[in-house]
Amino acid sequence: MEWRCGCCGRWRVTVELVRGRHRYRLVHRYPDRFGGGKNVLGEVGTVAELTDLLHRHTPLDLADLREAG
């Protein structure tokens, strides 16, 4: 599962199930005009930690993310 920011789509959170637990990974993707690619900013195990990670590295909150489909 993946969530993207509603503003530009460059901030993304992926959710993976690892050994029965969810892992949330925050990624910043660069536009193609800057060479593309991604920068993993952190990986956490709870929604509370994800909220803190978002506040430390982005201008976003959980409400700004939309499920990518």
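What you see is a predicted model, and the numbers here were worked out from it, not measured in a lab.

### Description of the overall build of the protein
Assigned secondary structure in the protein consists of 1 helix and 5 strands. Relative to its length of 69 residues, the protein is compact, with a C-alpha radius of gyration of 12 Å against a globular reference of 11 Å. Judged by the C-alpha coordinates and their principal axes, the protein covers about 40 × 25 × 20 Å. Considering the protein as a whole, with its 69 residues, one finds that 30% of them fall into the buried category. Across the protein, the fraction of contacts at a sequence separation of at least 24, relative to all contacts at a separation of at least 6, is 28%. Accessible area for the protein stands at about 4700 Å²; split by element, carbon and sulfur atoms hold 47% of it.

### Notes on the pairing of strand 2 (residues 11-18)
By the bridge criterion, 3 bridges tie strand 1 (residues 2-5) to strand 2 in an arrangement that is antiparallel. In the sheet register, glutamate 2 faces strand 2, and the bridge partner there is threonine 14. Counting the residues in the hairpin turn of strand 1 and strand 2 gives 5 residues, including glycine 9, whose phi is positive at 80°. Looking at chain direction, strand 2 and strand 3 (residues 21-29) are connected through 8 bridges and run antiparallel.

### Here we look at the pattern of salt bridges
Side-chain pairs of opposite charge can arise whenever the charged atoms involved come near each other. Here the structure, examined in full by the defined rule, presents 6 salt bridges. Residues glutamate 16 and arginine 25 are paired through a salt bridge, measuring 3.2 Å at the closest nitrogen-oxygen approach. Overall, glutamate 16 belongs to the partly exposed group, its relative accessible area being 34%. With a relative accessible area of 27%, arginine 25 lands in the partly exposed category. The partner of arginine 56 in a salt bridge is aspartate 52, with the nearest N and O atoms 3.2 Å apart. One end of the pair is arginine 56 and the other is aspartate 52, both in helix 1 (residues 47-57) and 4 residues apart, which spans about a single turn. Aspartate 52 sits in the partly exposed class, given a relative accessible area of 41%. Each of Glu16, Arg23, Arg25 and Glu43 takes part in salt bridges that share partners, so that together they form one network.

The rules behind the values
- Residues numbered from 1 in each chain as written.
- Predicted model: local features only at pLDDT ≥ 70, side-chain atom pairs only at ≥ 80, totals over all residues.
- Heavy atoms only, no water.
- Helix = DSSP H or I, 4+ residues; strand = E, 2+ residues; numbered from the N terminus.
- Rg over C-alpha atoms; globule rule 2.2 N^0.38 Å.
- Buried < 20%, exposed > 50% of the residue type's maximum accessible area, 1.4 Å probe, protein only.
- Contact = heavy atoms within 4.5 Å.
- Areas by Shrake-Rupley, 256 points an atom, 1.4 Å probe, with all protein chains shown as cover.
- Pairing = 2+ DSSP bridges.
- Salt bridge = Lys/Arg side-chain N within 4 Å of Asp/Glu carboxyl O.

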